[in-house]
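# Per-entry structural report
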Amino acid sequence: MSRNEPFESVPTANDHPDQAISLSQALLAPRIVIEDTEPALEAGTFAAKAISGQPVAVSSKVYSDGHDRLAVMLNWRQANSRRWHCVPMQSAGNDLWLAEFTPTELGPHLFSIEAWVDPFATYSHDLEKKYNAGVEVKLELEEGRLMLGKGTELCSGALRDELEALQQRLAELDTDGQVALLLGPDVAHLISEAGHRSYLARSRELPVDVDRPAAQFASWYELFPRSITDDPQRHGTFNDVHQRLPMIRDMGFDVLYFPPIHPIGTQHRKGRNNALKAEPGDPGSPYAIGSAEGGHDAIHPQLGTREDFRRLVAAAAEHGLEIALDFAIQCSQDHPWLKEHPGWFSWRPDGTIRYAENPPKKYQDIVNVDFYAPDAVPSLWLALRDVVLGWVEEGVKTFRVDNPHTKPLPFWQWMIADVRARYPDVIFLAEAFTKPAMMARLGKVGYAQSYTYFTWRNTKQELREFYEQLNQPPWSQCYRPNFFVNTPDINPFFLHTSGRAGFLIRAALATMGSGLWGMYSGFELCESAPLPGKEEYLDSEKYQIRPRDFTQPGNIIAEIAQLNRIRRQNRALQTHLGVAFFNCWNDNILYFAKRTPERDNYILVAISLDPHNAQEAHFELPLWELGLDDNAETHGEDLMNGHRWTWHGKTQWMRIEPWHQPFGIWRIEKAR
């Protein structure tokens, strides 16, 4: 159903909660209570997240005094449209009402709930009870005829004709026929269309923000274009990256992400391994953005021209890849903005500029803007917005944002909404390793996805608690986790000594745990050499060019490709939602299910967290979730190798040997 007119003016449920009201207010206040409506973030202050083409499940507690039956309707629309779509909600018992709607357009949407007393539903309920109990219903049938007549008087046109036809049919039937007709769906539907909505109440409108599917399901691959070279003395180019596209595609990735591609400053340029002084030929950190060649809207000359970049974006698209760029709001001391807009920055009393610090770390090669400096409002905000829009116009629709938690939340809320109002398919990924409340807040103000603390969750208890937290409100409504297994900044301790098996463990945890995951180039080669005692890479690519042989022995390219293939073939794995943990009697094995709400795609995952030793365990098949008894037969399929078998009963046994494969991924189905 849909309608174009705005809602009539009616009291909103709970307009006067917990306060004294006058008699006149009480007489106008709604009898019907609408509360605990989900999804709702901070009572509608922020929009819950949704995906185009996927149902949004809505629930609400709706009840009233007395025993009259209620009708409850879910209404939804695009925020910039006046056309409402209406979906009847169904009672799930105990005053809980459920419905869903499926948005097909991107951007902001609104939904609300209407409820009213339904006299005909109350009448039908009572008629059915009395008739089934053998009670005389002559008077009740007369009441039904009167209700049909009243409905006819309230409408016109085709609806009136249909009701008059029903009245005529009713007069021609015996008692049993009249009961059957009055209890049939046709009468209920027509009376609902024609009837007055008694004691109508409506909830407040709640927002939902709809993204494209890549905001929930995507595999990210990060590389430095300057390292796509066979000679550490020769700077790689955009044109060199073309040769990598087929292999990245064949590994199953669909987002190719570049660290900043802009000119790099020379003042205080960092050397190898973050040395304070660069040697001749050191390329510097790409995060020290800006030089005489330009700033955030320019391309590093050694990478190529703007036309080279456009050709790479087009070539990537032909391979099913989209290019994601880094948006890092920081400047080298050579950035043109320092001369053009000195009022956008903080200066010390001695006239020197304040460079970035994160004590005890110092970043002498970069300086930060001051968002609230008198000269920066609003010109700096607009300039940063225009940087993003400029790259969107070059075909970039995905941005990884560096350290957004160190920038003002109001800026992000305004900028993301402004960009997406023009280009609703743009996606922003927050690289925010900070306190949970801030990470969630960034999702609320508009970020489609975020980095997480997954990288540091290693034990069975840590991983289970983390996965389950992400599946519960408010996190499930505002936060989409992107499980990056490593980054140029993070070489996890777990990988330093775990060998090839450790890399496979982390890849399985990431690909099976979330619809979004990512890896930084070199992970597929099991690179793990650290700076002693630190979670940082020795000879970090942030400060030097790092050519690689992507065919070297011991790589896990084939396994990564198969993991991504499994994800594409199974809808249950295309989101972080739908996880459930079941009994597995070994603390070194993480055992869980990912399943669709309909249970038509049901994946079991068992991952050994021990990269060095074989692990064994008895475990339970969740037969009850498939509607089966404890002795039922089920079919299993190993999705890594295609092997099939039949399970008998609920309790099973597994052995995982990390030198072969440290995990199992099984699709389970009812026996035919």
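In this report, the structure presented in the accompanying data block is examined. Note that the structure is predicted; figures quoted are calculated from it, not measured.

### As for the overall build of the chain
Looking only at helices and strands, one finds 18 helices and 29 strands in the chain. Along the three orthogonal principal directions, the C-alpha set of the chain runs to about 100 × 65 × 45 Å. Expressed as a percentage of the 672 residues in the chain, the buried residues total 55%. Considering only residue pairs separated by 6 or more positions, the chain has 75% of its internal contacts joining residues 24 or more positions apart. A total accessible area of about 29,900 Å² is found for the chain, and carbon and sulfur atoms account for 50% of it.

### Focus: the packing of helix α4 (residues 157–171) against helix α5 (residues 175–182)
Closest axis-to-axis distance for the α4/α5 pair is 9 Å, and the angle between their directions is 155 degrees. Relative to α5, the element α4 lies roughly antiparallel. Together, L166, R169 and L170 of α4 and Q178, L181 and L182 of α5 make up the contact between the two elements. In terms of residue class, the contact of α4 with α5 is built from 4 nonpolar, 1 polar and 1 charged.

### So, the pattern of salt bridges
Enumeration over the complete set of coordinates arrives at 44 salt bridges. For the salt bridge of E42 with K444, the shortest nitrogen-to-oxygen distance reads 2.8 Å. Of the two residues, E42 sits in the loop between β2 (33–38) and β3 (48–51) while K444 sits in helix α13 (residues 436–444), which places them 402 residues apart along the sequence. On the accessibility criterion, E42 (38% relative accessible area) is partly exposed. Two residues, R249 and D250, come together in a salt bridge whose shortest N-O distance is 2.9 Å. Through salt bridges with shared partners, a single ionic network connects D209, D211, R420 and R480.

Cut-offs and rules
- Residues numbered from 1 in each chain as written.
- Predicted model: local features only at pLDDT ≥ 70, side-chain atom pairs only at ≥ 80, totals over all residues.
- Heavy atoms only, no water.
- Helix = DSSP H or I, 4+ residues; strand = E, 2+ residues; numbered from the N terminus.
- Buried < 20%, exposed > 50% of the residue type's maximum accessible area, 1.4 Å probe, protein only.
- Contact = heavy atoms within 4.5 Å.
- Areas by Shrake-Rupley, 256 points an atom, 1.4 Å probe, with all protein chains shown as cover.
- Axes fitted to C-alpha atoms, helices over the stretch in contact; angles between N-to-C directions.
- Parallel < 35°, antiparallel > 145°, perpendicular 65-115°, else oblique.
- Nonpolar A, V, L, I, M, F, W, Y, C, P; charged D, E, K, R; others polar.
- Salt bridge = Lys/Arg side-chain N within 4 Å of Asp/Glu carboxyl O.

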